[in-house]
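Now for the letters of each chain:
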Amino acid sequence: MIGLISATAAGAAARDRLAAAWPERTRVYEGPVGDAVRTAFAQCEQLVCFLATGAVVRLLAPLLHDKRTDPGVVCVDEAGRFAVSLVGGHGGGANELAREVGELLDAEPVVTTATDAVGVPGLDTLGFPVEGDVAGVSRALLDGEPVTLDAELAWPLPPLPVSDQGGAYVIRVTDRVVEPAEREVVLRPPSLVVGVGASKGAPVNEVLGLISDALRAAGLSVGNIAELATVDAKADEPGIIQAAQRLGVPLVAHSAEELAAVEVPNPSDAPLAAVGTPSVAEAAALVGGGELLVPKRKSERADGQAAMATCAVVRRPARGRLAVVGLGPGARDLLTPRAKAELRRASVLVGLDQYVDQIRDLLRPGTRVLESGLGAEEERARTAVAEARAGHAVALIGSGDAGVYAMASPALAEASDDIEVVGVPGVTAALAASAILGAPLGHDHVSISLSDLHTPWEIIERRVRAAAEADIVVTFYNPRSRGRDWQLPKALAILAEHREPTTPVGVVRNASRPDESSRVTTLLSLDPVTVDMMTVVTVGNTATREIAGRMVTPRGYRWQEGAQ
């Protein structure tokens, strides 16, 4: 919950805007400001104070205890110009909250945390436990001192400016029980799955004790547990539920049929008779694949009674991450926030060199860039998938929307379910051009590429004829190049068989870029020689009109006929 505190009418107005936008996330604290801050600090995970930073500092000072558990606090000035991350930038999430508040209130987020300021991800913000000299290693990263990455586990980390030449500081990625050395940080990604079986009424302490003993014997850390897994017939067993809660990990249940299909080294008739699968602990841990580190193990009871719990531990291989990112038509303000976040998250960037140049300044230090020239789409796709399979966080970029005449298709043709794939939509050239021209896509429309490099012209022509006969607005991509100068005239001639010579046609070159140009002409008047590969051509349907210099295609609903 986010506590909201204000002292003046101006602050209350901004406060109420947040409360209205986030009704489920916020709670307004009224009354004397000091009392409100103290109460909210005790009750909320985060605070937004519409007060001077100096006043908030004085109020917070006696309340602060530990940056790992204190609420994150953001201050917004009376004029609503700035959202300042004051306390708990990383641990309390104040940095991200300042950005959210700034976006909502049109205020400038002010983040002074050193790692955020220079674009280096905070080691304590990666989403999993971290041990050791976090401050010292972070300072070394900021100062440009050599920091070595010792990755015992391949994991899709964000970019880190580490050195392959060795150094006095070390970032170790492991799931083994190790004591961090001096000048060392240990990162513990969620690599371990613990399968659990239990008899009815098994005590939580017996379940937890078994898990702890199994991990200790194998030299594995409880901090790396990703989940507890069991059969769905045991998903409501209190001892298992409470064990997951105390460990702070999710409990995942699988059907008996799913577990019975998993090959295990130690099947048994007892669970087969009880819940319908010859293995619970081992099968539940192995259902997602991985290396069985601890085979089925039973709990030991001090009273000599039969064991009531079993467990097994599996190390799942890290799933690399491939984000296929659409950069939009070129203008920076048409690059989506989600795309920016994925670019900053990726440790490897793959893309066409001219697209890389567009967003190079958004990349974090340490990002490995693999760029190539025109005509290497399939090779870039293979490279991106291979890097993801190696356990990296990869961004594969394309212009417009990556799924429209761009990199998503070849990448997904190469990828399989051994990696995580995320699609990030972008503003397409057709949409950017449409916004410039007016509203030509107000009704049914289609995009057709006139490039016959990968598609035979016979198929392209058939599609153009179908669109012409169906009276659909058409946007032509790749309309004309030096080596392809006859396809656009041919396509326009096909459309002219079904549309009037006065049909509006929009021509937009370099949509949203500094040298953007556009014009509205007609099917008869368009000169194909004026069109090139940087141009998008939109041909209206029989209802499209030019109104005040803009192309408009009516929505065409029947109720509009009566309104006219």
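These remarks concern the structure in this document.

So, how was this worked out
Residues numbered from 1 in each chain as written. Predicted model: local features only at pLDDT ≥ 70, side-chain atom pairs only at ≥ 80, totals over all residues. Heavy atoms only, no water. Helix = DSSP H or I, 4+ residues; strand = E, 2+ residues; numbered from the N terminus. Buried < 20%, exposed > 50% of the residue type's maximum accessible area, 1.4 Å probe, protein only. Contact = heavy atoms within 4.5 Å. Areas by Shrake-Rupley, 256 points an atom, 1.4 Å probe, with all protein chains shown as cover. Lys, Arg positive; Asp, Glu negative; His and termini not counted. Charge placed at Lys NZ, Arg CZ, Asp CG, Glu CD. Pairing = 2+ DSSP bridges. Axes fitted to C-alpha atoms, helices over the stretch in contact; angles between N-to-C directions. Core = buried A, V, L, I, M, F, W, Y, C linked by side-chain atoms within 4.5 Å. Right-handed = clockwise from strand over helix to strand, strands pointing away. Polar contact = N/O pair within 3.5 Å; in protein donor to acceptor, adjacent residues only side chain to side chain. Disulfide = S-S within 2.5 Å. Parallel < 35°, antiparallel > 145°, perpendicular 65-115°, else oblique. Nonpolar A, V, L, I, M, F, W, Y, C, P; charged D, E, K, R; others polar. Phe/Tyr/Trp six-rings, centres within 6.5 Å; stacked < 30°, edge-to-face > 60°. Expected span 1.5 Å × (residues − 1). Arc of directions from axis to C-beta.

**Description of the overall build of the protein chain**
Along the backbone of the protein chain there are 19 helices and 28 strands. Over its C-alpha atoms, taken along the principal directions, the protein chain stretches across nearly 95 × 65 × 60 Å. The proportion of buried residues among the 564 residues of the protein chain is 45%. Contacts in the protein chain between residues at least 24 apart in sequence constitute 65% of all its contacts with a sequence separation of at least 6. Entry remark: accessible area of the protein chain is about 26,800 Å², with carbon and sulfur atoms responsible for 51%. Charge-centre separation for the protein chain: the mean point of 53 positive side chains lies 2 Å from the mean point of 71 negative side chains.

**Re the sheet that holds strand β15 (residues 309-315)**
If you trace the 5 strands from one edge of the open sheet to the other, you get β13-β12-β11-β15-β14, paired in mixed fashion. Two strands in the sheet have a free side with no partner beyond their single neighbour: β13 (251-254) and β14 (291-298). Each strand of the sheet is rotated relative to its neighbour by a mean of 20 degrees, with strand direction disregarded. In this structure, β14 lies alongside β15, joined through 5 bridges in antiparallel fashion. Each bridged residue has a counterpart across the sheet, and for Leu292 the counterpart in β15 is Val314. Against the sheet, helix α7 (residues 204-218) touches β11 (192-198), β12 (225-231), β14 and β15, its axis set at about 40 degrees to β15.

**Regarding the sheet that holds strand β26 (residues 535-539)**
Taken in spatial order, the 5 strands make up an open sheet running β22-β23-β26-β24-β25, and their pairing is mixed. Two strands bound the open sheet, and with one partner strand each, they are β22 (445-449) and β25 (517-522). On average, adjacent strands in this sheet sit at an angle of 20 degrees to one another, irrespective of strand direction. Here strand β24 (residues 504-509) runs beside β25; their pairing, made up of 6 bridges, is antiparallel. Note that in β25 the partner of Val507 across the bridge is Arg519.

**Describing the nonpolar core**
In this structure, Val194, Ile211 and Leu228 are the most contacted members of the largest nonpolar core, which totals 24 residues. Listing elements by their share of this core, those giving two or more residues are β11, α7, β12, α8 (238-247) and β15. The greatest single-element share of this core, amounting to 7 residues, is contributed by α7.

**A word on the pairing of strand β23 (residues 473-477)**
Across the 5 residues of β23, 5 count as buried, placing the element largely inside the fold. In β23, alternate side chains face the same way, and those of Val473, Thr475 and Tyr477 on one face and Val474 and Phe476 on the other are all buried. As paired strands, β22 and β23 are joined by 5 bridges and run parallel to one another. If you follow Ser449 over to β23, its bridge partner there is Tyr477. Read from β22 through helix α17 (residues 457-469) to β23, the crossover connection turns out right-handed. Sheet topology places β23 next to β26; 3 bridges connect them, and they run antiparallel.

**Points about the side chain of Ser6**
As for its position among the elements, Ser6 is in strand β1 (residues 2-6). Judged by relative accessible area, which is 12%, Ser6 ranks as buried. A polar side-chain atom of Ser6 sits 3.1 Å from a polar atom in the side chain of Arg15. Not counting residues within four places of it along the chain, the set of residues in contact with Ser6 comprises Gly11, Ala12, Arg15, Val33, Phe50 and Leu51.

**As for the state of the cysteines**
By the definition in use, this model includes 0 disulfides. Cysteine Cys49 remains unbridged, with the sulfur of Cys75 as its closest cysteine sulfur at 5.3 Å. Cys75 sits in the buried class, given a relative accessible area of 1%.

**Overview of the packing of helix α1 (residues 9-21) against helix α4 (residues 94-105)**
At a closest axis distance of 11 Å, the pairing of α1 and α4 adopts a crossing angle of 105 degrees. Judged by the angle between their axes, α1 and α4 are roughly perpendicular. Facing Ala14, Arg17, Leu18 and Ala21 of α1, the residues of α4 in contact are Val101, Leu104 and Leu105. Its residues assigned to classes, the contact of α1 with α4 shows 6 nonpolar, no polar and 1 charged.

**Regarding the side chain of Thr428**
Along the chain, Thr428 turns up in the loop between β20 (420-424) and α16 (429-437). For Thr428, a relative accessible area of 11% translates into the label buried. Here the side chain of Thr428 touches Leu431 through a polar contact of 3.1 Å, landing on its backbone nitrogen. Residues within four places of Thr428 in sequence aside, it is in contact with Gly400, Asp401, Val404 and Tyr477.

**So, the packing of aromatic side chains**
Overall, the coordinates contain 2 aromatic pairs when judged by the stated rule. Seen in terms of ring centroids, Tyr405 and Tyr477 are 4.7 Å apart; in terms of plane orientation they differ by 55 degrees. Their pairing is tilted. Separated by 72 residues along the polypeptide, Tyr405 in the loop between β19 (393-398) and α15 (408-414) and Tyr477 in strand β23 bring together distant segments of the chain. The class of Tyr405 is partly exposed, set by a relative accessible area of 44%.

**Quick look at α4**
For α4, with 12 residues, the first-to-last C-alpha span of 16 Å sits near the 16 Å given by 1.5 Å per residue. Along α4, the residues that are buried comprise Ala94, Asn95, Leu97, Ala98, Val101, Gly102 and Leu105. Along the axis of α4, the buried positions cluster into a sector of 160 degrees, meaning they face one direction only.

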